[in-house]
Amino acid sequence: MTDIVFTRSGWIPKVIREDGELKLMLAAGADANHEPRTFTFPIGDAHLAVIREDLARHLLLWSAVLPLCDAAGTRGQLDENAAVALLDPILLSPPSDVDALFRRIRWDRHRLVAHGADIELLERGQVCEAMRTATERSNAKRAQEYHANRRRAERGVVLGPLDTEILRYTGQYLHGATVPRRNPDAVDPALLPQVMRVIATAEQTCAGMRIGLDPRRGKRATDKRDWDRMAATVDEAVRRAYPELADDAVRTVSFLMCSEAADRSKSTPVEDDDEAAGDHGKTALSFTDDKGGEKKWVRDGPRTASAEFWEFVADRSAGNNEVFTIEDEEMGEGIQLHFYADSIARITTVRHGEDGSDPEYQVEYSLVDGIGGYRKLVSAFVRGGCVALEQHGPWMSDVAEFERARRRRDAR
């Protein structure tokens, strides 16, 4: 039978009586099913008396036991001997001895910060003095900010007031991996005008730039080259205008600009690269991939060939499916896109097969500069066939020559 003897709010460990024995019970970590794990270990009446009367010592004990719970993992048992060995030194010893103990053991610093510990005193190793400001109520945001600042300190990053407010504006002060958003209400009102001037500089710099979609990586993937180009442009302009800003602040501004540009692309209908093809374009095309996928396009349909082809790519492209072909059977020509190698082949029928003989093809290769290059080539082929690709060369019919050119490019 289990009875609760003493409890505080939140997740602070409880004291229970189980089969007549006093125990401290705490929840920590998770099992293999991501359910919280609960641990217990025996305590004495003297320990209970201190836990009842002294919030600071109670929290210090919790902080010291948590690493033992982490060591138990998802299935292991709590090292009860190690947990019991912490009771007297933390709950019954003078403050100087407690401070000395905490210099020797592992403990959960963030838990104490969340409960109001003085951060400066904690950093100096004066844990008992630091806990004079402890509160029963937990402040998770305070612990998150402390953790974020420690991570930055480990990287040697020192933030000024404007750096801090810029990161708060983008929502990346606590978590650098968070997708940035505009949060003016999170900024100190006294510094908000300066923050907005930095943002305005970035906006003016990248006005007119866009980040296109890259269907090779799915329907909503964006062009990495466009992203990198915009980020570099914004970084350079902001650093030039505000040389005192920390790298973290500059990066979060460029990340914001790029994220917003990418979102605009994802919400904009796919552009038809060959809209102006008119009567000079192809009348019927066949799209295929390396996994047996096929799609037919005819001019009388609602969409243009380029739009249909790139949608086909976005639906089918994968790490093991990176070769796509557009074929004009009537004209006996086509192009084959090799996404894995940033290259393309144009294929022209030189002689049709007759009386059982195989047809003869001319195959020429060219290097491609990213998704932008592929879009130009596809559009040119749709409008004018293999002849229209001539200006986008050079084209090489010798495979060995092409491979040497590809190796030279990749080595750069």
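Residues numbered from 1 in each chain as written. Predicted model: local features only at pLDDT ≥ 70, side-chain atom pairs only at ≥ 80, totals over all residues. Heavy atoms only, no water.

1. Comments concerning the sheet that holds strand β1 (residues 2–6)
Rules: Paired strands, in this sense, are two strands between which DSSP finds at least two bridges. Secondary structure elements are taken from DSSP: a helix is a run of H or I of four residues or more, a strand is a run of E of two residues or more, and numbering for both begins at the N terminus. In this analysis an axis means a line fitted to C-alpha atoms, helices contributing only their contacting stretch, and an angle means the value between N-to-C directions, from 0 to 180 degrees. By definition in these notes, contact holds between two residues if any of their heavy atoms fall within 4.5 Å.
The sheet built from 4 strands is open, its strands ordered β1-β2-β3-β4 with antiparallel pairing. The outermost strands of the open sheet, each flanked by one partner alone, are β1 and β4 (36–42). In this sheet, adjacent strand axes meet at a mean angle of 40 degrees when their direction is disregarded. For strand β2 (residues 14–18) and strand β3 (residues 21–30), the ladder comprises 5 bridges, and the chain directions are antiparallel. The residue bridging Lys14 from the neighbouring strand is Met25, located in β3. Contacting β1, β2 and β3, helix α1 (residues 45–53) runs over the sheet at an angle of about 55 degrees to β1.

2. Section: the pairing of strand β8 (residues 333–338)
Stated precisely, the cut-off is as follows: Buried residues are those whose accessible area, probed at 1.4 Å on protein chains only, stays under 20% of the maximum for their type, while exposed residues exceed 50% and partly exposed ones sit between those limits.
Most of β8 is tucked away, with 5 of its 6 residues classed as buried. Pairing between strand β7 (residues 323–328) and β8: 6 bridges, direction antiparallel. Note on β8: the bridge partner recorded for Phe324 is Leu337. Summarising the sheet, β8 and strand β9 (residues 343–351) pair through 6 bridges and their orientation is antiparallel. For His338, the partnering residue across the bridge sits in β9 and is Ser343.

3. Some remarks on the pattern of salt bridges
Heads up, the condition is: For salt bridges, the criterion is a side-chain nitrogen of Lys or Arg within 4 Å of an Asp or Glu carboxyl oxygen.
One pass over the structure, following the stated rule, counts 33 salt bridges. A salt bridge links Glu136 to Arg8, with the nearest nitrogen and oxygen atoms 3.9 Å apart. Note that Glu136 is positioned in the loop between α8 (127–130) and α9 (140–154) and Arg8 in the loop between β1 and β2, a separation of 128 residues in sequence. Residue Glu136 is classed as partly exposed on the basis of its relative accessible area, which comes to 33%.

4. Some remarks on helix α16 (residues 399–411)
To keep things clear, this is the line we draw: Take the residue count of a helix, subtract one, and multiply by 1.5 Å to get its expected span. Here the arc refers to the directions that run from the helix axis out to each C-beta atom. We call two N or O atoms a polar contact when they sit within 3.5 Å, provided that within protein one can donate a hydrogen and the other can accept it, with sequence-adjacent residues counted only if both atoms are side-chain atoms.
Look at α16: 18 Å from first C-alpha to last across 13 residues, which is about the 18 Å you get at 1.5 Å a residue. Buried within α16 are the following residues: Phe402, Ala405 and Arg409. Down the axis of α16, the sector holding all buried residues measures 60 degrees, keeping them to one side. Exposed positions of α16 whose direction lies more than 90 degrees from the buried face are Arg407, Arg408 and Ala411. In this structure, the buried side of α16 is in contact with β9 and β10 (360–367). Put simply, Asp398 is the residue that caps the front of α16, since its side-chain oxygen is 3.0 Å from the backbone nitrogen of Ala400.

5. What to know about a negative patch on the surface
What counts is decided by this rule: Each patch is built from residues that are more than 30% exposed by relative accessible area and take part in no salt bridge. Like charges join if they lie within 9 Å; nonpolar side chains (Val, Leu, Ile, Met, Phe, Trp, Tyr) join within 5 Å. For accessible areas, the Shrake-Rupley method is used with a probe of radius 1.4 Å. Any residue's cover is judged against the shown protein chains and nothing else. By the counting scheme adopted, Arg and Lys are positive, Glu and Asp are negative, and His together with the chain ends is not counted. The atom standing in for a charge is NZ when the residue is Lys, CZ when it is Arg, CG when it is Asp and CD when it is Glu.
A grouping of Asp19, Glu21, Asp79 and Glu80 is seen on the molecular surface, where their side chains present a negatively charged patch. Along the polypeptide, Asp19 turns up in the loop between β2 and β3.

6. Points about the sheet that holds β10
One open sheet holds the 6 strands; their spatial order is β6-β5-β7-β8-β9-β10, and the pairing between them is antiparallel. The two strands at the open ends of the sheet, each matched to only one other strand, are β6 (294–298) and β10. Pairwise comparison of adjacent strand axes, ignoring direction, gives a mean angle of 20 degrees for this sheet. Note that strand β5 (residues 284–289) and β7 share 4 bridges and pair antiparallel. Residue Thr288 lies in a different strand from β7, and its bridge partner there is Thr325. Lying on the sheet, helix α15 (residues 370–384) is in contact with β5, β7, β8 and β9; it crosses β8 at an angle near 170 degrees. Each of β9 and β10 touches α16; the most contacted strand, β10, lies at about 15 degrees to it.

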